[in-house]
Amino acid sequence: VGNSAVFRRIRAEPGATPETVFDDAFRSFLAPDGSGIVVRRGSYRLETDQGVYWVPFDSKGRPGEIRKVLDDLDSFGRLAPDGRLFAYGKGLSGKREAFLTTFPAADQTIQLSAHGGGTPHWSAAGKAVYYLAGGALMEVEVGFGDAGRLTASPERQLFELDKMGLRSEGWSTAPFGNGFLFLKSLGTDDDAEIVVV
């Protein structure tokens, strides 16, 4: 379970006791394959320990050594479905850009966006990263080249949110990779509704 302060876990059995895995977590999530957790740690104070951390689990599911992967992120990222790559947003000169790095080594990093990019999400197959830039949804195909180096295609605009009445907050890719989920502004003073399409 992840919340704004502590990441805990508990066995799915009666009488189990919660176990703290990481203190002072800003955001955290379980790796897609269950091999560990990614934790973003930070605050409004200028702390030297803020950044993104990796906490692997051993073969018995016990937390291993905590390792800092990236420093000073102002936007949380997401792991690829296979856990080998990490897409994230980072502020540069007052503008946020989208980046990609190997995980957890972080020994290769490339910039994906050309003119701003934030809140990245992965395609279901892990071969593309989507992010928002200038009110539009962008797509970049990513992977490894022949020499094992990170590669990325030029970014491609999929659609503009404003033209479709879509909001940029809280969007996501659909669970099975067959589309996207967005909040839509109804443009009415009536009570809010939940609409399933």
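Everything that follows concerns the structure shown earlier in this document.
These notes cover the structure that comes with them. From a predicted model like this one, the values you see are computed outputs, not experimental measurements.

About the cut-offs
- Residues numbered from 1 in each chain as written.
- Predicted model: local features only at pLDDT ≥ 70, side-chain atom pairs only at ≥ 80, totals over all residues.
- Heavy atoms only, no water.
- Helix = DSSP H or I, 4+ residues; strand = E, 2+ residues; numbered from the N terminus.
- Buried < 20%, exposed > 50% of the residue type's maximum accessible area, 1.4 Å probe, protein only.
- Contact = heavy atoms within 4.5 Å.
- Areas by Shrake-Rupley, 256 points an atom, 1.4 Å probe, with all protein chains shown as cover.
- Pairing = 2+ DSSP bridges.
- Axes fitted to C-alpha atoms, helices over the stretch in contact; angles between N-to-C directions.
- Phe/Tyr/Trp six-rings, centres within 6.5 Å; stacked < 30°, edge-to-face > 60°.
- Salt bridge = Lys/Arg side-chain N within 4 Å of Asp/Glu carboxyl O.
- Core = buried A, V, L, I, M, F, W, Y, C linked by side-chain atoms within 4.5 Å.
- Polar contact = N/O pair within 3.5 Å; in protein donor to acceptor, adjacent residues only side chain to side chain.

## Examining the overall build of the protein chain
Here comes step 1: Each helix and strand in the protein chain was counted, giving one helix and 17 strands.
Here comes step 2: Out of the 197 residues belonging to the protein chain, those deemed buried represent 38%.
Here comes step 3: In the protein chain, of all internal contacts separated by at least 6 residues, the share reaching a separation of at least 24 is 29%.
Here comes step 4: Of the roughly 12000 Å² of accessible surface on the protein chain, 50% is carried by carbon and sulfur atoms.

## As for the sheet that holds strand E3 (residues 27-30)
Here comes step 1: The four strands are arranged E3-E4-E5-E6 in an open sheet whose pairing can be described as antiparallel. Both outer strands of the open sheet, E3 and strand E6 (67-71), are each paired with one neighbouring strand and no more. Across the sheet, the axes of successive neighbouring strands diverge by a mean angle of 20 degrees, strand direction being ignored.
Here comes step 2: Summarising the sheet, strand E4 (residues 36-41) and strand E5 (residues 51-56) pair through six bridges and their orientation is antiparallel.

## Points about unusual backbone geometry
Here comes step 1: The omega torsion across Phe-103 and Pro-104 is 0 degrees, close enough to zero to call that bond cis.
Here comes step 2: Within the fold, Pro-104 resides in the loop between strand E9 (95-102) and strand E10 (109-111).

## Comments concerning the packing of aromatic side chains
Here comes step 1: Under the definition given, this model contains nine aromatic pairs.
Here comes step 2: Measuring from centroid to centroid gives 5.6 Å for Phe-86 and Phe-103, while their planes differ by 35 degrees, and the two rings are tilted. In this pair, Phe-86 sits in strand E8 (residues 85-92) while Phe-103 sits in the loop between E9 and E10, placing the two residues 17 residues apart along the sequence. Taken individually, Phe-86 and Phe-103 each receive the classification buried, so the pair is uniform in this respect.
Here comes step 3: Ring geometry for Tyr-130 against Phe-180: centres 4.9 Å apart, planes inclined by 85 degrees, an arrangement best described as edge-to-face. Separated by 50 residues along the polypeptide, Tyr-130 in strand E12 (residues 128-133) and Phe-180 in strand E17 (residues 180-181) bring together distant segments of the chain.
Here comes step 4: The exposure class of Phe-180 is partly exposed, given its relative accessible area of 27%.
Here comes step 5: Three or more aromatic residues joined by ring pairs form one cluster here, namely Trp-54, Phe-86, Tyr-88, Phe-99 and Phe-103.

## Points about the pattern of salt bridges
Here comes step 1: This structure, assessed with the given rule, holds three salt bridges.
Here comes step 2: Notably, a salt bridge pairs Glu-139 with Arg-156, separated by 2.3 Å at the nearest N-O pair. Residue Glu-139 is found in strand E13 (residues 136-144), and its partner Arg-156 is found in strand E15 (residues 156-160); the two are separated by 17 residues along the sequence.

## Structural notes on the nonpolar core
Here comes step 1: Ranked by size, the top nonpolar core spans 15 residues in total, and within it Leu-85, Leu-100, Leu-112, Trp-122, Val-129, Tyr-131 and Val-142 carry the most contacts.
Here comes step 2: With four residues, E13 is the largest single contributor of residues to this core.
Here comes step 3: Residue contacts for Val-142: discarding those within four places in its chain leaves Leu-100, Leu-112, Trp-122, Gly-126, Lys-127, Ala-128, Val-129, Thr-151 and Ala-152.

## A word on the side chain of Glu-139
Here comes step 1: For Glu-139, a relative accessible area of 10% puts it in the buried group.
Here comes step 2: A distance of 2.3 Å separates polar atoms of two side chains, one belonging to Glu-139 and the other to Arg-156.

## Description of the side chain of Thr-101
Here comes step 1: Here Thr-101 is to be found in strand E9.
Here comes step 2: Only 2.9 Å separates the side chain of Thr-101 from the backbone oxygen of Gln-108, close enough to count as a polar contact.

Remember that the coordinates give geometry; whether it matters functionally is a separate question.
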